[in-house]
Structure formats: C-alpha cells, structure tokens
Amino acid sequence: ICFENSMQNIVHNSDVSSESGDSTECVAEEASLILDEMAHRLQLSTVRFFVFTLSKAFKRLFRSVCVNEEGIQRLQQAVQEHPVVLLPSHRSYMDFLMMSYLLYMYDLPLPVIAAGMDFMSMKFVGEMLRMSGAFFIRRSFGGDKLYWAVFSEYVKTMLRNGYAPIEFFLEGTRSRTCKSLTPKTGLLNIVMEPFFKGELFDVNLVPVSISYERILEESLYARELLGIPKPKESTSGLLKARRVLSEDYGSMYVYFGHPVSVRSLTEGKITRSQYNLLPRCIPQKPSADTHEFLNDAAFRLVRIQEENMVLKPWVLIATLLLQNPDGMDLSSLAEQTDWLRHLALAFGAYLDWPDHEACSEVISCSLALHRHLLSVSAGHVQLSVTDAPQVESTPEEAVFHQAVVVLSCASYRNQILHVFLRPALLAVAMQSANSNRKDDVYNCFNFLRNMFSNEFILCPGDSVQDFEEACYLLMKRGVLQVLEHEIVMSASGHSTLAFLSSVLDPFLQGYQVVSRYLCEETNENLTEKEFIPAVRNFALKLILAGRLKCYEALSSDLQKNALAAFLRLKAVRKVKVGDQVTLKVNKIAVNSLEDTLGKSDVTSHQNSWCSSMAMFEIAI
Amino acid sequence: LMASSSSSSSAQQRLRIIAGHLQKRPEDENASVAAQECKAEAPRSEPSSATPVPRRRQEIMKWNGWGYSDSRFLFNKKGQAEFTGKRYRLSGLILPSLKDWFEGTFGANLQHRSPATPSLNLSAVAPPNLNQPFVEDLKAAGLTVSHDPEDRVFRAHGHCLHEVFALREGRIGRVPDTVVWPSCHSDVEKIVELACEHNVCLIPYGGGTSVSSALECPREESRSIVSLDTSQMSRILWIDEKNLTAHVEAGIIGQDLERQLNERGFCTGHEPDSMEFSSLGGWVATRASGMKKNIYGNIEDLVVHIKMVTPRGVIEKSCLGPRMSTGPDIHHFILGSEGTLGVVTEVTLKIRPIPEYQKYGSVVFPNFQQGVACLREVARQRCAPASIRLMDNEQFQFGEFCFFLILLSFFCFDPQHLCVATLLFEGDRGKVLQHEKQVYDIAAKFGGLAAGEDNGQRGYMLTFVIAYLRDLGMDYYVIGESFETSVPWDRVLDLCRNVKERIVRECKERGVQFPPLSTSRVTQTYDAGACVYFYFAFNYRGLSDPVHVYEQVEHAAREEILANGGSLSHHHGVGKLRKEWMKESVSGVGLGMLKSVKEYVDPQNIFGNRNLL
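Residues numbered from 1 in each chain as written. Chains lettered and ligands numbered in written order. Predicted model: local features only at pLDDT ≥ 70, side-chain atom pairs only at ≥ 80, totals over all residues. Heavy atoms only, no water.

Counting from both sides, the interface comprises 14 residues of chain B and, opposite them, 14 residues of chain A. Of all residues in chain B, Arg491, Arg505 and Ala563 of chain B bury the most surface against chain A, accounting for 41% of the area lost on that side. Summed over the shared surface of chain B and chain A, the result is five salt bridges. The shortest N-O distance in the salt bridge between Arg280 of chain A and Asp494 of chain B comes to 2.9 Å. Put simply, chain B and chain A have 10 residue pairs in polar contact (both at pLDDT 80 or more) between them. Counting only elements with at least two residues in the side of chain B that touches chain A, the list comes to α16 (492-509) and α17 (546-563) of chain B. (Contact = heavy atoms within 4.5 Å. Buried area = accessible area lost by both parts, 1.4 Å probe. Salt bridge = Lys/Arg side-chain N within 4 Å of Asp/Glu carboxyl O. Polar contact = N/O pair within 3.5 Å; in protein donor to acceptor, adjacent residues only side chain to side chain. Helix = DSSP H or I, 4+ residues; strand = E, 2+ residues; numbered from the N terminus.)

The following block contains the structure:
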C-alpha cells in the first residue's frame, strides 16, 4: 500500500510523463507493467522446495561449504539494528542460491535479490527464483527513466519497511576472470539514499566473499573470454549442466564480513542537507560529491570482499604453473609453492592451508582436483589440454584449446592477485625507473597504477597510500630498503622481485599487444564492435608466428580493459557516426604508452623512460 | 431594538474603558477565563497594579536556577517529591510517583546528591571595569545605576544548561560591569547616546530567559560592559479599542501584559512557555512564538509598530497601517536581531477581546506515527485549535509518573507506544464545541481516543514547571535541556526518530553510564510543517566533564536536525550557541546582508553581545 503511494509520486513527479507527452494514465499503466516484470513474489513453499533441491545439489557438488559462523552472528545482530544490504562477490550462479540457502538454514530473513534479467528468460527457473525472493532488473536501462524510477522506488520501499535484507552484486555481473570487477554505483546509491534523505537512521552493508575451490563455470568462462559465444541462459541449458552434478568441485567458502554502517562511512563526506530542498519522493541525481563518495565506498567494499576471500593452495600452484609454461618438476613445484605460501601469508592472504599435512600431500590433492587442466608424467607437471584427444584440425584450434586451459588456470591465479598487486606494481616500477630515486620509482608506480586501474581494484586517489603499503610489505620481507630519497633492492630480494614482476607480465604483454594493434590498424572507421574480434585475430597471428607466447592476450576481458584505459587516458577517442561508434586512435599517444609499458616489460628492449613520458605528454 | 442594543453595548464599552483607566478589575465574569490557571500567581498584593519586576530580581527569583525562589521541587524526608510555595496549582502537592520515574528513568539515586553552592560567593566576582565618565554622565542624567555584584551576576546569564551549571558550582565568568535601568524610551536614547560617546558595550536585558547563550558577555570584549535592563519600562501606554491595538513599553513581562490587558477585557494571546518571565522586547528580538499562535499568530504577526533605539538613531515606521509595500519590511531587520542592533523600547501590538469560552482536551493515540498523521490532517484542514501538541511515548510516561495521570485503561493500546495530544480550544462557546467535535472526529480516523479535559490541562501545566524540574535533576546528578526546530511535515517522523537515536548513541559513545532520556514532541502545526521540541537529559555520575559531554551531544543532535531537513531554530534564536551554523542556514550572501545592516546601524559595535553574526 505504501508502495502504491510512492508509485503515484513517481508517476506525477518524474519528468517522464511530460517528456514523452503521454498522459499520466499511460505512464501509470506502463509503470505497473514494469513492476509486474520486476517484482518478486516470495512464497515460502517455493523456498522450501528450492532448499530441498539445493541441499541435494550442494551435497553432490561440494565436499564442504564453509561459513564463518561469527559472521552469521554479526549478521543476526545487524539485522535487528538497521536494514541490511548484503553485498556478495559474484563468481558463479551458485552465489545467490547459496546465499539464500545459508540464510534460510541459519534462520535469518531471506534476502530480496536484485538479479539480472537474463535469468528471467529461463522459463520455469525464472518463476522459481522470483518466488524465492529474487526480483529482476534489465541488464541495461540507461535511458529508461521510468524503469529506473520504478526500480529504485521498489528497492527503497523494501529497505524502508525493513521488510527483508536487500542483496545485490556490486560488481554488476559474474566476473569471468575471478578478478573483482570495477564496482557499479547505481544500486549502491539507491540503497544509501534512504539514509541520505533521513528516512533511515542507518543502513548496514555486509560484504560477503564467496570463493570456490573449483568454479562450476570454469571452462565456460574461458570459452566466453575467447569469443565462443555464451549460450543464452535457458532451462534446457541448465538441465545439460546436470553433467556438472557428477563432478567434484571441492569446497566452497562463504565469509560474511563485518557490517559497514553507511552512517559512519559517510561521516564528514556527505552533506545530507543537500537533500533538504527537494521533496524526497522526487528522484535526485547524485551530486558530484556524492558520486565520488559512492565510487570510493564501492571500491572499499570490493576491497573488503577481496581481503576476506578464502584462498586454497591450488591458487598458489596455478600462479607458479602459469609462470612456467614448460612445466615444473614436482619437487621444485613443492619447494616454490612453500616459498610462495609464506610470501602470500606475509602479504596478508587469507589462505586455507591444511594444518599438519605435508606440502607434497597438499599439492597432490590440489592437482588431483584440477587434473583436467594438467598433464602429469614422470614427476613433471604442465598445463595442457587433456580432454581433446581428437586430431587437431588447424593450428588456430590448437591455440584456442591451449588458451582455454591457460585462461582457466589464470582464473585461479587471479584470485590471489589482490594480495600481490601493490608489491608487484612496485617491483615493475623499480625495474623500469631510471634511477633508485624514490620519486622516480613513485612516478613509474603511479603510471602503472593508472594504466591498470580498469584491470584491478585500485581505489581512486589512493596512489600514495598504495605505494607506501607496497614499500612497507617489501621492506618487512627484507626485499627492499626504503631510505629517505632512495629505494634499494636488498641482496636477497631478487627472486621475490622477479616473481612479483612476472605476476604482472601477462598484463603488460597483453596491453602492449592491444596498443600495437591500435597503431598498426589502418582502418579509419574501426567500430567499437569490431575491436575485440580484430585484436583477438591480431594476437592469434602473433602467437601463430611465434612472436607472442602470452595466451592471456587473447582474453576479451583484458582487451576491453586495455581499451577502457586508453580511452580514459585519451589516447583513443569514441566518435559517434550515425548509430555506429567508431574508435579514433591517437597513434602517437598509443605508441608512447606502448613504449612506456615495453620498458616495464622485462623481456623487451629498453627505451628511455623520460623520453617516452615526454612524448606521451605531448601526444595528449 | 437594534439601536438600543448597540447603544447599550457601546455604553458598556465606554464603562469598561473608564473602569480600565481607574485600574480596577471590571466586574466582567469573562476576565477569569484567561489562560492563567497553569501559571504562577502574581506575588503582589494588588493584582491589577502595574508594578514591574523589582530591580533586585534576586529578591524574588533564584540566582542560580529557574523561576521564583519560593517555588522548587524537592524530595522530602520520606523520599516523596513535593513542589514548594503557593504560586502554582502544583504548589504544596506531594507527587508520590515522581521518585520512581526519576530513579527508573535516569538510574539516579536519592542518596547521591549533587547540591548547588548555597549562595553567591561575592569574592568570585571580578571587580567592575568601569568607564567612570560614562557612569558619571548616566548618574547626571538621573538614571539608576548599580555595580553590585549580585545585580551584575544575575544579568550575565540566561538559562542554558552550561550557564546554570556553572552558577551552581559557584563559577562566575565575565559579568557586566554596570547595570542601568531606564524607565522610558527617552532614557534609552540617552543611554545609547552616552554609550556611543564613551565607547562602552551595551547588552540589552529583558526577562533573562534566553537559551542561546545570548546574554553571555563575550570574553574578548575589553570595553566596559553595561547591562541595559528594560524591566522598569513596563507600562501599557494606550489601548485603541477601535483598531484593537495596544501600545506597550517593551520591558513588560508576559504575565503582566496579559493580566493588565485582561483587566480591560483584552488579551494578546501571545503565550510562550516562558511568559511568566520573558519580556515583550525579548520576544521581538528573538522572533518568539506563542502556544496559541494558531489563533493569534507569532510575534511577527502580532506587531503593528516597533520603536527601536540604535546608535544611528530611532528606527520606526510612520503609520500604523496593517500592511505596507515599502520595500523589505524594516520590522524584519528588528525581529530576531537578538540585541545586536539596538534596544526595542515600545511596541504596538494587536489585541483581541478575551475569548468567551476556553476548553482543554486530550487525545490518546496508539503510537506516535498515528499522532503525527492526525496533526498533519488537522493542519491540512486548517482546523487546528488554539494549541495542539503531541507528546511521544517517553513524555507520556513522564507525565503519567509525575502527575499520576493514569489515563483510563486502554486495553487496545500498547503502553510502550501510545502517545498523547493535548488541546486547547478558544472562542465562542458554540464554535468551540463544534470545533472540538471536528478535531475529535479527525483524531478518531487515526485511532485517537478522547482522554478528557483534565489531562489536557495537566499537560499544559507541565510546560510551566518543567524548567523547575531541571533544577531538581541537577540536585541528583541529572542534567538536561530542551531544544527545538521546525521541519516540513513529511520529515517530522524521520527527524524525531533520527535525532532521538543520535542522542542515545552519542551519549553511549561519550561514556554516559545510563541510557539518556531522549524525547520529542510536536508543539506547533503550520500549513507546511511543524515545530518539534526535544527534551534530553541524562545521569552524569562517573563523567569528569558532564557539561562538555552534554554540549557535544547537543551539538551532534543539532547536526542531525540540520541533516534531516530541520531548521536551526524555530523560536529560541541563534545567540552565540548556534552561530556556527548561521552561514549554512541562510547562505553566505544572506549572512553578508545581515552583516552590512549591522555595519551601517552600529559601526562601533556598541551593541556588542556578538549574537547571531
């Protein structure tokens, strides 16, 4: 009933009706259609049926599901204090099924989930999900003001009434690479607005980190990244996934983080009185300040998700295997894994390493679980295609088969990237800087950080803090000595620095491939749509010619992120021609960026950092 | 017949005027209907005389607490609360359940006392910093002047918690160096002229009921500070029955003004909660608001003409026209100027015949939301009674324990949620009854049940004794204060909830050992919003600097009010206490406009109390 009132307000107040010239009746009707499409219909009988099925399925899929129970207790407390928003990481469809399942099992109120519309086309399951609390939003509704108004009012009404916790994914979509995605702020704004406008005393945000020892969608994701189109979600697709049920996916981890109070988060950052001058039912675009705050908050929440992500030993092994494409002896793998384990722990990784078990034992367990990505013979492990015994028809196909394995493996390494990221950026910066002077190194660090800020979660504006954190970690490890004006590598630091810089190597190489492509591409009217296939083709040719060994350059995720970085750095510009968006490349600028990256890349020859920086500045 | 009745009524009127001039109580039964029942009785033997407040206020009023010296709450030897004196209806009564409420709410204990310093330590008062030539000129002009420490201390404070707390502990800060009592407009002109000539700082003093640190002497003031006490300017100069206006000296206090007008068959209807002590000039200088503003209007609606003495000369309008289009209304530079521009000396006010009939009422609602919804509907239909106030559940509980008003037994209401609205109707008997029915019908739509006249009247009585109760709390480690705001209707509930919760949270964070009393009430309704009051008190045992904690919490509460769309003040004013938010409240340009007026009117900063700007 409450909601009907607000709907009235939307219909009358939003400028939709006046813009489209439709009568208010028309708009009201349209709004109620949207609402039907969107609304959840929570039915306990459906939930019970779901829980029954899910518990069967989960038991088959996973060896164990681990939950931090003190986190559940905190959540129970938080739910009683203020409305709660659950913010899980998103790696798999399993995520929200598992969330609802766990909350049900722990006798917590079931969340209402904002889920993408692609689920809805799954006929039967869509209805089921809706009845178990999900509501649906269209993937994109950028221009549809009415849709946005109805949607945000719907969420806010549920929040204000304290009806149920709201759940949504900050990252917006499932991460295909297992790296956290740059967070979206739209929904965050919606759930914070009732606080900004004084309608709620506070809102508790609970970041939830969900990690999988083995991801169900592993090879699906890899194929998708390589351009093999994603099948539209359909019920029959899900049935086919029954095959999945017979496999072993190891353990699953759900970590409920500390509730973050929106009130304390906004303290000193948001002037709530800016909402005083408009009736609160009128949707208000977030001001520049608010927008900056939302962005910052979203990054911090994703960082919390990252930090609480439980990592398995396999993640370390995958990192090492990727750095050694020709394979490793089991003994040296064991030795290096043990070394890496200590490094990761020193950097604060949340590692679930089984106690009282020999390192070799732990490794062989991990290898067994992931055997489909590996070939093991005579004490030698190598990443390779195991289930493609057919005669490879073309060299291209062979490359793609191998790339699927590499990208699958990379998705595990990516889970630990956030631990190594800052020291690794520093390690690369040390190599590319002209001198040991602290400000030189910092400049390089900052350049790299800037370049990769679409690739990794790097909170905007935190560059000095990140630099200091990296220095501190490496100093603590005895790798560096940080003096007043200089940063010096310790005698024993070489191996750590070498390892850290090769963590970033695939990204450096990938970005270089993209920039080389942009420089060499002669098509003046390159459209945005053509970009990904064209770069992929370009990288494929380089690999076939033996000039590129980095299969990760084929990943569309990396290519998109690189393009976004070039656009952000204004080396590439989007121009709208008719209904096509074409990319205009500033070749001088791209070239200079490539040179600078190349300098950071240990494998390529060295150019002068300063000159390329200067060129870059002229170019933009 | 018509002619004879009209001539007889005009004859009556003339008789009344004559009777009024003879200063005798007319034999008019209506005169007793005035809303005086809840307030203190005048201490004077001749009730209709125009004796002003004595110069030595300390003879009848407390020097370190609220109100009359003879009226106070105390716990007697049996541990029962009683209210002393004879002035109030509550005087001499035993209030058996106050103790339970007091101990239960605050975790206070009658064994743990925090008594005040019994008398003023004269040696704690710094010797006056006198401007001798100025003082001599004042005396030469025949003005009454005092340098007596008691007189000076009495005029150095209002009734903010920190001011009263310091007095109770015997701490005396900067006090005025001289007190001067003008007795008419021209005295004030003389004083201001001399002040300019000798460059001394003037601080006008009316009733001394400020709750915004407005009377505090600025610490950085190095000139001699002179408190200009207007209390001796308390005459009603004339009454114009044709236009229903009265011309009054600005030092008159509310109860005297009302009583004297009542004797002539009139009233102003302006009844702020402080009306026993606050002055007409003070109302003008702070933009005061009265309980019955729904019928009579707030002070800005009541004034027809204001005369103010400024360093530049006298400001006033040239006629008594009811409205003018002559540029921005100059009255609005004066209203709310908080003594920074000059001294208000004379005011022409609208008056009304005393209403024929007055009736209290009360309504119980199942919860605060319903109550607010009802008040909003009453405002929408523009049928608000003279006064309508809504207390929240915590205040209801307070009222219940304090006054034993067990309101029937409402089986259908949860005693932890129900709340009470108190009502006051005024007017023709027939219309009042009709009006009453209309309001009760609206209330019924929101689940409200009528709860009788007595409860309504007691609710209003509470208003006048609540300040005395603070002094009782301070005897037992409990400190508290009230503050107010105004807010659009749609935000009333959210603001009340958020501010109350913020107070509780801030107290906890600052180490207050016991949960505070944090309550709100809606005290005025407008077309577009409401005035909301907060009462806040806590037990400060275990805190080393309770006043600082108190101030921090109040500061946070004010921030919360502003963040929730509430105003900086509805009628208490800004003073020095809320100055920091002025720019945010009225914009930089707005503040600049006010500053430029000050700059023109008082370039020497003679009126140097440093309020507002």
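Next comes the rest of the write-up.
This next bit is on the sheet that holds strand β2 (residues 81-83) of chain B. All names here are of chain B. Pairing is antiparallel across the open sheet formed by three strands, whose spatial order is β1-β2-β3. If you trace the sheet from one side to the other, it starts and ends with β1 (73-75) and β3 (94-95), each paired once. As paired elements, β1 and β2 share three bridges and run antiparallel to each other. Across the sheet, Leu74 pairs through a bridge with Glu82, a residue of β2. Contacting β1 and β2, helix α15 (residues 453-474) runs over the sheet at an angle of about 40° to β1. (Pairing = 2+ DSSP bridges. Axes fitted to C-alpha atoms, helices over the stretch in contact; angles between N-to-C directions.)

Now for the domain arrangement of chain B. Residues and elements named next belong to chain B. Entries for chain B in the domain assignment read domain 1 (57-106), domain 2 (122-229), domain 3 (236-353) and domain 4 (477-569). Its C-alpha centre places domain 1 at a distance of 30 Å from the equivalent point of domain 2. Counting residues at the interface gives eight residues for domain 1 and 15 residues for domain 2. Around 940 Å² of area is buried between domain 1 and domain 2 when both sides are counted, 58% of it from carbon and sulfur atoms. The largest per-residue losses of area from domain 1 upon contact with domain 2 belong to Arg57, Gln58 and Trp63, which jointly make up 63% of the total buried on that side. A salt bridge links Arg57 to Asp229; the nearest nitrogen and oxygen atoms lie 3.5 Å apart. (Domains from an automatic or database assignment.)

Our next topic: the sheet that holds strand β4 (residues 144-146) of chain B. Residue and element names in this part refer to chain B. In space, the four strands of this open sheet follow the order β4-β5-β7-β6, with mixed pairing throughout. Across the chains shown, the open sheet's two edge strands, defined by having one partner strand only, are β4 and β6 (201-205). In this sheet, neighbouring strand axes are inclined to one another by 25° on average, regardless of whether the strands run parallel or antiparallel. Summarising the sheet, β6 and strand β7 (residues 225-229) pair through five bridges and their orientation is parallel. Within β7, the residue paired with Leu202 across the bridge is Val226.

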